[in-house]
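Given next are the chains, with one letter for each unit.
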Amino acid sequence: MEQILAFVLGAGAGLIIWGVVVAFRTSKLAKQNEQSIRNVEEWISRNDEMVNRRIDQEIDRVNQIKENLYAYSDSRVDKLQSKITTKEILKG
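## Digging into the overall build of the chain
Right, on to step 1. Tallying secondary structure elements over the chain gives 1 helix and 0 strands in all.
Right, on to step 2. A compact globule built from 92 residues would reach a C-alpha radius of gyration of about 12 Å, whereas the chain, at 39 Å, exceeds it by more than 25%.
Right, on to step 3. Once the C-alpha set of the chain is aligned to its principal axes, its extents read approximately 130 × 15 × 5 Å.
Right, on to step 4. When the 92 residues of the chain are sorted by exposure, 0% land in the buried category.
Right, on to step 5. By element, 63% of the accessible surface of the chain is carried by carbon and sulfur atoms, the whole surface being about 8800 Å².
Right, on to step 6. One finds the centroid of the 14 positive side-chain charges in the chain at a distance of 9 Å from the centroid of its 13 negative side-chain charges.

What follows is the structure, encoded as structure tokens:
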């Protein structure tokens with residue numbers, strides 16, 4: 001009977017020690033995972049900022065092209081209008 005009690009107490013003590021070791025390992029792994037998650041979140045945030053900046057630059061570029069096209073079209077229409085007006089004056 002004493003041997004069974006000693007075995008059960010020894011096995012119980014071994015399981016408790018093993019459980020503590022597993023708990024510390026799990027805690028360490030959880031901290032590593034939290035750090036990895038923070039790193040991924042920072043990486044995503046930086047990439048998001050870069051993409052937004054790139055989109056803003058492209059929008060500015062397209063707006064500049066649009067303004068240049070308007071200016072060019074306006075100058076060409078003005079030139080055509082002056083030619084038409086000059087011809088009407090010469091005819092008239």
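## Quick notes on a positive patch on the surface
Right, on to step 1. Together, Arg76, Lys79, Lys83 and Lys87 make up a region of like positive charge exposed at the surface.
Right, on to step 2. Position of Lys79 relative to the elements: it lies in helix α1 (residues 2-91).

## Considering the environment of Ala11
Right, on to step 1. Tracing the backbone shows Ala11 in helix α1.
Right, on to step 2. The spacing of Ala11 and Ile55 is 44 residues in sequence and 64 Å in space, taken between C-alpha atoms.

## A few points about a nonpolar patch on the surface
Right, on to step 1. A grouping of Ile4, Phe7 and Val8 is seen on the molecular surface, where their side chains present a nonpolar patch of about 340 Å² in accessible area.
Right, on to step 2. Tracing the backbone shows Phe7 in helix α1.
Right, on to step 3. Owing to a relative accessible area of 61%, Phe7 belongs among the exposed residues under this scheme.

## Comments concerning the pattern of salt bridges
Right, on to step 1. In this structure the tally under the stated criterion is 3 salt bridges.
Right, on to step 2. One salt bridge in this structure joins Glu58 and Arg54, with 3.3 Å as the shortest N-O distance. One end of the pair is Glu58 and the other is Arg54, both in helix α1 and 4 residues apart, which spans about a single turn.
Right, on to step 3. Its relative accessible area of 26% is what places Glu58 among the partly exposed residues.
Right, on to step 4. The exposure class assigned to Arg54 is partly exposed, which follows from its relative accessible area of 49%.
Right, on to step 5. Among the ionic pairs, Glu58 bridges to Arg61, the shortest N-O distance being 3.0 Å. With a gap of 3 residues between them, Glu58 and Arg61 both fall in helix α1, about one helical turn apart.
Right, on to step 6. Here the residues in one salt-bridge network are Arg54, Glu58 and Arg61, joined through shared partners.

Basis of the calculations
- Residues numbered from 1 in each chain as written.
- Predicted model: local features only at pLDDT ≥ 70, side-chain atom pairs only at ≥ 80, totals over all residues.
- Heavy atoms only, no water.
- Helix = DSSP H or I, 4+ residues; strand = E, 2+ residues; numbered from the N terminus.
- Rg over C-alpha atoms; globule rule 2.2 N^0.38 Å.
- Buried < 20%, exposed > 50% of the residue type's maximum accessible area, 1.4 Å probe, protein only.
- Areas by Shrake-Rupley, 256 points an atom, 1.4 Å probe, with all protein chains shown as cover.
- Lys, Arg positive; Asp, Glu negative; His and termini not counted.
- Charge placed at Lys NZ, Arg CZ, Asp CG, Glu CD.
- Patch = residues over 30% accessible without salt bridge, like charges linked within 9 Å, V, L, I, M, F, W, Y side chains within 5 Å.
- Salt bridge = Lys/Arg side-chain N within 4 Å of Asp/Glu carboxyl O.

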